[in-house]
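Structure at a glance
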Amino acid sequence: MSKFLWSYLLISPAVLGATLVVSSSAIAADAQPAADATVAQTAKTAIAEISEAKLNALAAVPQGTAVETIEAISQVPGDEIESPKVATDAQAATDNAIAANTATETANPKAASEAVSASLAAVEPTVVEQLATSAVEAAQPEQISATQPKTTIPSVVESAQPSLPKPAEAVAQTAAPATSNPNATLEQLSQYSTEGAAESETQGQVTSVSQLSDVRPTDWAFQALQSLVERYGCIAGYPDGTFRGNRAMTRYEFAAGLNACLDKVNELIRAGTTNLATKQDLAALQRLQEEFAAELATLRGRVDALEARTSELEANQFSTTTKLTGEAIFALSDDFGGSAGFFGRDRKRIGSNNNEAVFQQRVRLNLNTSFTGRDLLLTRLQVGNGRNFNFGATSEGTQTWNVVGRTDNVFALDSLLYKFPVGDRLNVTLSANAGVWDDIMPTVNPYFEDFDGGNGALSAFGQRNPIYRLGGGAGIGFDYAFGGRGLLGGVFGPTSLSFGYLASNAANPSKGAGLFNGDYAAMGQLTFTPGRNLQVALNYNHGYFSRGNFGFDNGLSNGSGNLGGFTGTGVANSLNGLSDGFTGFRSRKVVSNSYGAQASFRLSPRFIVGGWGGLTNARILGIGDAKIWNYAVTLAFPDLGKEGNLLGFVLGREPYLDKLEAASSLRNFRNDTSWHIEGFYKYQLTDNISVTPGVVWITNPNQDKGNDDIIIGTLRTTFTF
C-alpha cells in the first residue's frame, strides 16, 4: 500500500492536491433508498478493480525512479510552470502514464525518469480539469470541483480532534526533521505545540484567500488554494498573514493536515450539505488515512505526553503570573587619588588616606508579575553593603551599586510599581515606593543606562542626565507614544510625550508631608525619534524640597545635616550649605526648576555618540537664587570583540554650583572646573555573567583645585538570572 501511495503521489502531485480539497458528503445527501445504493456498490467495486490494476502496474516501478522524478520536478522554477490545458479523459491519461513509466523503466532506468517527468505534465491537466469541471455537469451530480496541481502541500490546516489540538497549525511552522530519532521527534512536537498555541492566540480561521498576503490570482495553484480556503474551510495561514506555499512539509505535517480534512468530510456528511465528494475521492482519503495511521497515532501520543508534562510543570511552578529575575554585583574597588575632600565651609578634611581597597556587593531580586500579558507589577527587593568612599562632602564618583538605601546587608523593599497600557499607545505607571523618573520616561542614553544596575556605566553620573534624579517616591506617570510602540526597532523607542508626579513622603500623614503637601517633583518630557538612528529629548522638572532634602538623590530625603546626592559636588547638592544648614545657620526650603536636553545618535551599529546638558535654577526660600549646571558626552562601542561586549567613555561635569545670589557672607565658595572622566569595558563571559574593568577619574573634586584628584579603579562582576 505504501509503495502504491508514494509512487502515485510522486507521479502526479495534482492527485495529492485534489485529495486535500475533498470535504463533503454527496453520498448521504443525494442517496436514493434503493437504486442509488446499487449504483454506489457497483462504482465501489469498479474503483477497487481499477486501484488493484494500478497497484500491480506501479509495483514494477522502482522507488529510485520516483526519487529521480521528484528531483527533476523540484528543479523547475515556480514561475516556469505553465497552466494546464484542458483534456477529456483523466483516467486514461493516468493509466497511459503509468504504463509508459513501467515500460521505460524496464528498458532504460534513466529514460524512465525522464518519461515519468514528461507524463506528469500530461496527467496533471487532465486530472485537474476533469475534477474541476465535474461539479457543474448535470450527468454527474456526485462530483465536486477539485484543485489545480501543487508541489507544496498547504501550510496550515485546522484540526477538530479533541486529543490533537490544532496539530496542523503547530506542525506546519516547523522544518522537516533530519532523522527519525524519537528524541528529535519529541523535540519537534514540543516546538509544534508552542508555535501552534502562539498562533491560535493571534489569528483565527482564514475565510478568504485574499487574507493570505503572499498568494496572487496569477499563482498556478490559486484555484486549488481558493477552493480549500473558501469552500471547504480546512486551511489557514501563518500568524503574519502569509501562506508560504513553497515550503516543504514532513510526513507528520501531512498526516495532521489529512486528519483535519477527514474531520471536515465527516462534518459535511453529518450535515448533509450539497457540496458532495465523489466516491473515488472518499476511497483515496481512506487509503491515505490507512497509510498514515502510524504517524497519526504517534502524533497523538506525543502531544498527550507533552500535555501531561506541561500539566505537571504548571502544578509545581512558583506562580502562574510571576517570574523571578535577579542581579548580583561583586565589585572590587580602590581609590588611588590623594587627600581629597574639603567641605566648602568648615574645611574639614576627610581625605583619601582613609580609603582602603574594598570588596562590595549588591543583590536585587525582581518579582515580575503580569496579569494580562501586557501589564507589569514589579516588586524589587534589594540588599547590599556598597558604601561610597570617604571623599568628604562630595558625591562625585558614586558608582551604581552604591545607590542603595541601606548599606548593612538588610533586605529592603526598593521599587514597587505597576505598569499597564491604555490602548496601544499610552502606558500608565503607578509607583507605590521608590519611584524614579527613568521608570516613567526614556533617558535617551542606550547602553550606558541600566537603571543603576551592573551592565551599563560604572558611575551613577554616566547613566543619565542628573536632573532625572531630582525627586522620587510614590506617584503616577504617563508615557504616550505618537507613532505606536515597537515600530522603529533598534535601540530607540518611538516619539513620545511623558509626564508624571512623584512625592517623596507620600505615606507620611504628618503636617507638611503626604502626597500633596510634602516634598514632590513634577516632570514632563518630549522625546523625538525621527528615525532608527537618532533620538532627542527635551524635559522640564519642577520640585519642592523641605529643609535638608534638596539634592540629586532620587528623592531620598536625608534631612538637615545629612548631605545627600548620588552625583554632583557637595557644594551643588547642599547649595553651599544653605539647604542643609551649618553651625549658626538653619537649613532652608528649596524650590527648583530644571531644564534638560539629551540626544543620542547611532553612526553605525557599532558606534553611538550621545550627550546631555542640564540647568537647575534653585530658589532658596528667604535667601536667593542659585544656578547649577551639568553636561556630558558619551561614546559607546557595543559588541566590540564579541556580541554583548561594550566599550564606553564618559566625559563631562557632574552637577556643580555656578552662581549664588545671596548675602556676601553666604556665597563664599570655589568654582574650579571639576571634570568627570570615565572609561570601562564590559566583557560578556556568558549570557548571564559579565566582567567590567574600568576607571573613574575626578579632577578638582568638589569644585576645588586644592583637592587632589580622585582616581577609582574597579573590577565589577555582574550575574543576572
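The paragraphs below set out a description of the structure included in this document. Along each chain, numbering runs from 1 in the same order as the chain's sequence is written. Thresholds applied to this predicted model are a pLDDT of at least 70 for local features of residues and 80 or more for the giving and counting of side-chain atom pairs; totals over whole chains, interfaces and linings are not thresholded and use all residues. Working from all heavy atoms in the structure, the side-chain values ignore hydrogens and water.

Moving on to the pattern of salt bridges. For side chains of opposite charge, pairing can occur when their charged atoms come near one another. Just to be clear on terms, a salt bridge is a Lys or Arg side-chain nitrogen sitting within 4 Å of an Asp or Glu carboxyl oxygen. Under the criterion given, the structure shown has 11 salt bridges. The closest approach of N and O atoms between Glu327 and Arg362, which form a salt bridge, is 3.4 Å. A residue pair is termed long-range when its members are at least 10 positions apart, and Glu327 in strand 1 (residues 322-335) and Arg362 in strand 2 (residues 358-369) qualify at 35 residues. Neither residue differs from the other here; Glu327 and Arg362 are each classed as buried. Glu449 is the partner of Arg464 in a salt bridge, and the nearest nitrogen-oxygen pair spans 2.7 Å. Taken together, the positions of Arg464 in the loop between strand 5 (426-435) and strand 6 (473-481) and Glu449 in the loop between strand 5 and strand 6 put the pair 15 residues apart, joining distant regions of the chain. Here Arg464 and Glu449 have matching classes, each one buried. Helix and strand definitions follow DSSP, with helices as H or I runs of at least four residues and strands as E runs of at least two, each counted in order from the N terminus. Whether a residue is buried, partly exposed or exposed follows from its accessible area with a 1.4 Å probe, protein chains only, as a fraction of its type maximum: under 20%, in between, or over 50%, in that order.

Pairing geometry for strand 5 and strand 6, over seven bridges, is antiparallel. For Leu426, the partnering residue across the bridge sits in strand 6 and is Tyr480. As paired strands, strand 6 and strand 7 (residues 496-503) are joined by eight bridges and run antiparallel to one another. Residue pairing for strand 7: Gly477 is matched across the bridge by Gly500. Pairing between two strands requires that DSSP report at least two bridges joining them.

What follows deals with the packing of aromatic side chains. Between the rings of Phe, Tyr and Trp (Trp by its six-membered ring), a pair exists once the centres lie within 6.5 Å; its type follows the angle of the planes, with under 30 degrees stacked, over 60 edge-to-face, and the other angles tilted. Scanning the entire structure with this criterion turns up 19 aromatic pairs. When the ring of Phe389 is compared with that of Phe391, the centres are 5.8 Å apart and the planes differ by 45°; the resulting orientation is tilted. There is no split in this pair, since Phe389 and Phe391 are both buried. An aromatic cluster is built from Tyr501, Phe516, Tyr520 and Tyr544, whose rings are joined through pairwise contacts. Put simply, a charge is over a ring when the Lys NZ or the Arg CZ is close to the ring centre, within 6 Å, and near the line of the ring normal, within 35 degrees. Across from the ring centre of Tyr656, 3.6 Å away, lies the NZ or CZ of Arg653, which sits over that ring.

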